[in-house]
Structure formats: C-alpha cells, structure tokens
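# Inside the fold
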Amino acid sequence: MSASGGTKAIVAALGANLAIAAAKFVAFAFSGSSSMLAEGVHSIADSGNQGLLLLGGKKAKRAATAEHPFGYGRERYIYGFLVSIVLFTIGGVFALYEGYEKIHDPHELDNWYWPVGVLVFAIIAESFSFRTAIKESNELRGKQTWAQFVRRAKAPELPVVLLEDLGALVGLVLALGGVCLTLATGDGIWDGIGTMCIGVLLVLIALVLAAETKSLLLGEAAGPEQIAKIRAVVVDGRVVTRVIHMRTLHLGPDELLVAAKIAVQHDGTATEIADAINAAEARIREAVPIARVIYLEPDIYNEATAAAGTDPSKTPGGN
C-alpha cells in the first residue's frame, strides 16, 4: 500500500480500537450497560475493518498475471466495500437490536463508574486516532472540502478511517449521554435510546461508505486536474495536433489507464507517428506518474466524423 493509502492512520486506528474494545467489554461486564456492549461490538467491528483494509492493501500489490493483466489494484476497493458491509451488519444492526431490547426491558446500571471511566478513556484514545487520520488526509486533501475529499478520493482507506473515527467519537458521546441520563433519572430506557442512536449513526456511515466504494468498484475516471494535464502534454504541435477522444479509468488508487484517439499529420511516416506516440506516452507518464497503462490510437482528424461520434464532453471520463 502506498503512502497515500494512509497505512499509519489505519494502524493507529487498529491499536486504539483493540484497546478500547477490551475496556468496553470489561465495563459492560461490571455495569450491564447496553451502550457499552454496543460500543464494544462497534470497536471489534472497526478493528476487523482496519484488518480488512490492511489485507486489501497487501493483496493489491500482487503482480499482474495472464488472467488479470491489469493487476490487482482494485482489491483495495473490494475490501473497502466489505468494510461498509461489516460496519452495517455487525456494528449498526447489532446496536439497533440491543437498543430495542434495552428499551423494552430497561434496568438500572450497576457500578456506573466503569462505563463512565471507559467512555472518557475511549473518547481520548479515539481523538488521537482521529487526529492521525486528519493529519494524513490533509496531505492529500489540498483545497477540497472534507465532503469533496471523501467523495473524490481514489484511495478508499483514508475516507473509511476518517468516517469510522468520526462515527466512533459521536457514538461514544451518545453512549456517554445515555449512561449519564440513566444515572440522572434512574431509568434504564435512556441507555437503550443511546444505543439505538449509535445504531442509526453506524448504519448511515455504512451506507455512505458503500455508495462511495461502489462507485470506485464500477470504475472512476481521473480527476479534472489530471485529465487537463494529460490533454496538455499529448499534443506536440508537430505530429500530434489534437486529442479527438480520450477516456481514463482508475485500475486502482495508484494506477490509471489512459486511452485516447489522437489526430496526427496526414503526411507523417509510420516511423514519425510511432516516435510521436512514444514521446507522448513519456510526457503523459511524466505529467501524471500514476498513468501506468496508455493506449494512443492515431487517426486523421475530420470534423464531420468527430461530430458524429460520442461527444466526450458529455461522457463521464471522456474529456
């Protein structure tokens, strides 16, 4: 996994979640708090998710084969999608079920100081993990808003960790609120309500992650800046005169396929055209290093023919 995969953020989140999960289950054993149980399962699910992200990054490094000539870069997207499923089923649905049970059969908390102490510890630990994810994301985010970064990031790991950590922090606050209201009122229903809120939060985050990773699995084009760079360097003004059509596709977070039909001078020899194409490919790789697979098809530009073809300005990825 490349540095852009946010390995440091994943490892930080994994370490924090394992420690927090153990503390939450201890607190549940002593207090009987359903919020603590839901949060413990949530932390276990998050730990499994980070393990899946690390596994996906490792599998994506495998070399291309005859059966998979474009490599295994999309494995990172597959494991990112699995994370959303795990978060939805184990984290969200379990919390909703546990909250429902607690609302229908509420009881007071025993040894209240256990869940309160663990929740305060967990909020501090998750804050450090969240801070690491924010720091790593800021190196790639640039001028994008956080919503744009989550939507447009081609590497799934950092958006996943960011949303997981954000959900964990909000969930901990909800759990703490439920526990405190139960202590203040003596009514255990508030613990169940807090647990239900945690479940709704996790389901919503899982749905967002599923939607974003699904888009990556289907295949997304390069970003507008990368497309502009490629178009700018393809034309040399001598042999290659314009880009007729172009398509780009992410084979993985760090691998880009570029396919374009380019207009060449009609009086150029085969050798001149071949040399111009090779030079254009070299310029593309220099301008956009992740452009690993490039196919350039030479053609004679004709306005009537071009107008009759697919309009690249109206086709996703076809700028």
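### Description of the overall build of the protein chain
Counting secondary structure elements, the protein chain contains ten helices and three strands. Counting from the amino terminus, the protein chain carries its helices and strands in the arrangement α-α-α-α-α-α-α-α-β-β-α-β-α. The C-alpha radius of gyration of the protein chain comes to 25 Å, more than 25% above the 20 Å expected for a compact globule of 319 residues. Taking all 319 residues of the protein chain together, 47% fall into the buried category. Long-range contacts, defined as pairs at least 24 residues apart, comprise 75% of the intrachain contacts of the protein chain with a sequence gap of at least 6. Accessible surface, the protein chain: about 15,100 Å² in total, of which carbon and sulfur atoms supply 64%. Mean positive and mean negative side-chain charge positions of the protein chain (27 and 32 charges, respectively) differ by 7 Å.

### Describing the packing of helix H4 (residues 113–141) against helix H6 (residues 157–185)
Between H4 and H6, the least distance of the axes is 9 Å, while the angle of their chain directions is 160 degrees. The angle between the axes of H4 and H6 places the two elements in the roughly antiparallel class. Where H4 crosses over H6, the two elements pack in a sense that is left-handed. Looking at the contact of H4 with H6 residue by residue, the classes come out as 21 nonpolar, three polar and three charged.

### Thoughts on the sheet that holds strand S2 (residues 255–264)
The strand order across the open sheet built from three strands is S1-S2-S3, with neighbouring strands paired in mixed fashion. The open sheet is flanked by strand S1 (240–252) and strand S3 (291–299), the only strands paired with a single partner. Averaged over all neighbouring strand pairs, the angle between strand axes comes to 15 degrees, with direction disregarded. Relative to S3, S2 is paired through eight bridges, and the arrangement is parallel. When the sheet's bridge partners are listed, Ile262 is paired in S3 with Pro298. Running at roughly 145 degrees to S3, helix H9 (residues 270–287) makes contact with S1, S2 and S3 of the sheet.

### Brief notes about the nonpolar core
With 39 residues, the main nonpolar core has Leu53, Leu87, Leu119, Val161, Ile205 and Leu209 as its most contacted residues. Of all the elements in the fold, those that place two or more residues in this core are helix H1 (7–31), helix H2 (34–59), helix H3 (75–104), H4, helix H5 (146–152), H6 and helix H7 (189–218). Non-local contacts of Leu87, meaning those with residues more than four positions away in its chain, are made with His42, Asp46, Asn49, Gly92, Leu202, Ile205, Ala206 and Leu209. Among the nonpolar cores identified, the runner-up in size contains 23 residues, and Val258, Ile262, Ala276 and Val288 belong to it.

### So, the pairing of S2
Across the ten residues of S2, seven count as buried, placing the element largely inside the fold. Pairing analysis gives ten bridges linking S1 to S2, with the strands arranged antiparallel. By the bridge assignment for S2, Val240 is matched with Val264. Hairpin connection from S1 to S2: two residues lie between these consecutive antiparallel strands. Handedness of the S2-H9-S3 crossover: right-handed.

### Structural notes on the side chain of Arg141
Structurally, Arg141 is set in helix H4. There is no salt bridge for the buried Arg141, and the closest opposite charge comes from Glu139, which lies 12 Å off by N-O distance. In terms of polar contacts, Arg141 uses its side chain to reach the side chain of Asn138, at 3.0 Å. Those residues in contact with Arg141, other than ones at most four positions away along the chain, are Trp146 and Phe149.

### Observations regarding the packing of aromatic side chains
Scanning the model with the defined rule gives two aromatic pairs in all. A ring pair is formed by Phe30 and Trp114, whose centres lie 4.5 Å apart and whose planes are at 5 degrees; its orientation type is stacked. Residue Phe30 is found in helix H1, and its partner Trp114 is found in helix H4; the two are separated by 84 residues along the sequence. The class for Phe30 is partly exposed, based on a relative accessible area of 41%. Accessibility expressed as a relative area gives 30% for Trp114, which makes it partly exposed.

### Some points on a nonpolar patch on the surface
Residues Val26, Phe30, Trp112, Tyr113, Trp114 and Leu183 make up a contiguous nonpolar surface patch of about 570 Å² in total accessible area. Among the secondary structure elements, those contributing two or more residues to the nonpolar patch are H1 and H4. Along the polypeptide, Trp112 turns up in the loop between H3 and H4. On the basis of relative accessible area, Trp112 is assigned to the partly exposed category, the value being 45%.

The rules we used
- Residues numbered from 1 in each chain as written.
- Predicted model: local features only at pLDDT ≥ 70, side-chain atom pairs only at ≥ 80, totals over all residues.
- Heavy atoms only, no water.
- Helix = DSSP H or I, 4+ residues; strand = E, 2+ residues; numbered from the N terminus.
- Rg over C-alpha atoms; globule rule 2.2 N^0.38 Å.
- Buried < 20%, exposed > 50% of the residue type's maximum accessible area, 1.4 Å probe, protein only.
- Contact = heavy atoms within 4.5 Å.
- Areas by Shrake-Rupley, 256 points an atom, 1.4 Å probe, with all protein chains shown as cover.
- Lys, Arg positive; Asp, Glu negative; His and termini not counted.
- Charge placed at Lys NZ, Arg CZ, Asp CG, Glu CD.
- Axes fitted to C-alpha atoms, helices over the stretch in contact; angles between N-to-C directions.
- Parallel < 35°, antiparallel > 145°, perpendicular 65-115°, else oblique.
- Left-handed = near helix turned anticlockwise from the far one by under 90°.
- Nonpolar A, V, L, I, M, F, W, Y, C, P; charged D, E, K, R; others polar.
- Pairing = 2+ DSSP bridges.
- Core = buried A, V, L, I, M, F, W, Y, C linked by side-chain atoms within 4.5 Å.
- Right-handed = clockwise from strand over helix to strand, strands pointing away.
- Salt bridge = Lys/Arg side-chain N within 4 Å of Asp/Glu carboxyl O.
- Polar contact = N/O pair within 3.5 Å; in protein donor to acceptor, adjacent residues only side chain to side chain.
- Phe/Tyr/Trp six-rings, centres within 6.5 Å; stacked < 30°, edge-to-face > 60°.
- Patch = residues over 30% accessible without salt bridge, like charges linked within 9 Å, V, L, I, M, F, W, Y side chains within 5 Å.

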